[in-house]
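# Report on the structure
Chain by chain, the residues run as shown.
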Amino acid sequence: MSAVRRVEIPLLHDNHTHTSLYSAFGSCPDLAGLDALGALAFLRSLPDDRLSVVRGWKSNELALDSATLAELPPALLINRSLHGFLVTDAGLPFVEAAVPDLAEHRGDAAWREANVPRLFEAYCGLAGIDDAKLAAFLESLVPQGIGSAEDLAVASAPAFRVLKANPRAAAAFAGLKLFASMPPEDRAACSGVKLFLDGAIGARTAAIESGWIGEGAPLMTYDDAALLGELAAAASYGAGLAVHAIGPLAIEQALRCLEAARREGLSFPLVRLEHVQFISRDQAFRARTLGIVLSIQPNFTSDTVDYLDRLDAATLERNNPFRMLIDEAGFVPGKDLLFGSDGMPHGIAHPAACSLFPPVPGQRLSLEELVAGYGPARGIEGTVTLEIDEARREVRVAGTRLG
Ligand SMILES: [Zn+2]
């Protein structure tokens with residue numbers, strides 16, 4: 001008997017990606033598929049007379065020394081994590097003219113982590129976005145099983161107007177500065193304010209206290225007083241909230257400040273905590289009491305094996321504790337437990353494999369739970385056929401049908 005079974009699921013909604021940024025990136029060269037030598041040859045072949053915005057740079061595979069940066073054509077290289085970038089010497093005058101703050105802080109990791117929304121705005125401005133680029137990005141998701149997508153850091157005011165016009169992309173959160181600068185009708189159409197409390201595991205800056213191998217240290221964006229100020233500002237607009245918190249220290253700060261905000265009488269129509277990869281049982285129960293929605297990426301379950309180079313196994317086993325969240329704390333997929341991709345990767349095949357065949361049993365999600373947490377696509381309908389190979393522990397999308 002064949003170990004491969006075929007299952008039909010609906011075309012799905014991705015509750016967490018970066019729609020405006022990835023749409024803008026559609027026109028940018030991508031180093032992702034190249035090895036270090038191929039990437040270097042490609043960079044040498046870029047035009048000399050203008051700035052190229054290049055994505056998919058893997059800093060750990062292609063280290064660029066100052067002599068190499070001095071000889072390359074004008075380019076801004078964006079790290080795979082999106083939080084880091086590099087400018088070639090010839091690219092510096094272009095970057096200084098267009099986005100002077102990026103040029104000034106290019107060597108400053110702490111500034112970059114504290115200014116992720118600004119980075120996305122700058123990347124998107126340099127690469128450009130319009131209706132056609134958004135439509136092309138959304139079409140590229142359909143064969144991967146995704147029909148609509150939510151933007152968790154709208155890149156800019158022009159980008160929001162492009163998203164707003166497309167029902168498959170209209171759900172979107174913006175940084176506080178951008179949200180505050182929007183006209184009232186755009187604020188009303190926007191899902192709310194996005195705040196980043198810590199860094200990322202890839203950048204070794206997630207708010208995880210111990211367990212780092214080699215460098216690695218929690219990077220917290222705010223002290224409590226500053227975060228309460230941001231919460232008060234968001235509440236004054238009646239805005240929803242989406243709060244990036246990966247490590248336990250950042251999750252703790254989010255809960256502590258949201259509990260304090262509630263005592264001060266602040267309220268929000270919606271509070272989402274994004275990622276919460278290392279949420280504890282105690283934190284999960286407190287989040288439920290506060291009526292918080294958790295928005296998690298099942299594809300990051302594979303961090304448990306992918307990041308053994310930077311975090312110890314005992315820490316990584318606490319990543320994405322879905323069984324505790326559902327069976328003990330009582331979160332319900334699709335209701336107060338949402339799933340998305342963060343674009344790493346976008347397709348449903350990888351998170352389905354992570355969910356059905358996780359490294360740690362407590363990370364398991366049934367296919368029904370996974371589908372409920374993503375939810376059906378918005379503004380488009382279809383079905384997706386998955387092929388699930390139990391023996392090889394693999395999932396692939398065999399086909400998508402619209403209508
Ligand atoms: Zn994200």
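Cut-offs used in this document
Residues numbered from 1 in each chain as written. Predicted model: local features only at pLDDT ≥ 70, side-chain atom pairs only at ≥ 80, totals over all residues. Heavy atoms only, no water. Helix = DSSP H or I, 4+ residues; strand = E, 2+ residues; numbered from the N terminus. Rg over C-alpha atoms; globule rule 2.2 N^0.38 Å. Buried < 20%, exposed > 50% of the residue type's maximum accessible area, 1.4 Å probe, protein only. Areas by Shrake-Rupley, 256 points an atom, 1.4 Å probe, with all protein chains shown as cover. Domains from an automatic or database assignment. Contact = heavy atoms within 4.5 Å. Buried area = accessible area lost by both parts, 1.4 Å probe. Nonpolar A, V, L, I, M, F, W, Y, C, P; charged D, E, K, R; others polar. Donors = N, O, S within 2.8 Å, 3.2 Å for Na, K, Ca; no water. Expected span 1.5 Å × (residues − 1). Pairing = 2+ DSSP bridges. Axes fitted to C-alpha atoms, helices over the stretch in contact; angles between N-to-C directions.

### Examining the overall build of the chain
- Check the secondary structure of the chain and you find 19 helices and 14 strands.
- By the compact-globule yardstick of 22 Å for 403 residues, the chain fits well, its C-alpha radius of gyration being 21 Å.
- Dimensions of the chain, computed from C-alpha atoms along their principal axes, come out at roughly 60 × 55 × 45 Å.
- Split into buried and exposed, the 403 residues of the chain put 56% on the buried side.
- For the chain, the accessible surface area stands at approximately 16,200 Å², while carbon and sulfur atoms represent 53% of it.

### Side note on the domain arrangement of the chain
- According to the domain assignment, the chain contains domain 1 (28–127) and domain 2 (131–375).
- The C-alpha centroid of domain 2 is placed 26 Å from the C-alpha centroid of domain 1.
- At the junction of the two partners, domain 1 supplies 12 residues and domain 2 supplies 13 residues.
- Contact between domain 1 and domain 2 buries roughly 1,000 Å² in total, counting both sides, with carbon and sulfur atoms accounting for 72%.
- Of all residues in domain 1, Glu113, Pro117 and Phe120 give up the largest surface area on contact with domain 2, accounting jointly for 39% of the area buried on that side.
- Sorting the residues of the side of domain 1 that touches domain 2 by element identifies α6 (109–114) and α7 (116–127) as the ones contributing at least two each.
- Considering every element that reaches the side of domain 1 that touches domain 2, the biggest residue donor is α7, with 6 residues.
- Across the side of domain 1 that touches domain 2, the residue classes break down as 7 nonpolar, 2 polar and 3 charged.

### Details of the coordination of the zinc ion
- Bound to the zinc ion on the protein side are His16 (NE2), His18 (NE2) and Asp342 (OD), at distances that span 2.1 to 2.2 Å.
- Along the chain, the residues donating to the zinc ion are arranged with the sequence spacing H-x1-H-x323-D.

### Examining the side chain of Ser366
- Take Ser366: it is sitting in the loop between α18 (349–356) and α19 (367–374).
- Ser366 has contacts with Arg323 and Leu356, leaving out every residue within four places of it along the chain.

### Here we look at helix α13 (residues 248–263)
- Between its first and last C-alpha atoms α13 spans 22 Å; for 16 residues at 1.5 Å apiece the expected length is 22 Å, and the two agree.
- When we look at burial in α13, the residues that qualify are Ala250, Ile251, Gln253, Ala254, Leu255, Cys257, Leu258, Ala260 and Ala261.

### Considering the sheet that holds strand β3 (residues 52–57)
- Strand order across the open sheet formed by 3 strands is β3-β4-β5, with mixed pairing between neighbours. The sheet is open, and its two borders are formed by β3 and β5 (85–87), each paired with just one other strand. Strand after strand, the sheet turns through a mean of 20° between neighbouring axes, direction not considered.
- Bridge count for strand β4 (residues 75–79) against β5 is 3 bridges, and the pairing is antiparallel. Following the sheet pairing, Leu76 is matched in β5 by Val87.
- Sheet contacts for α7: β3, β4 and β5; angle to β4, the most-contacted strand, approximately 135°.

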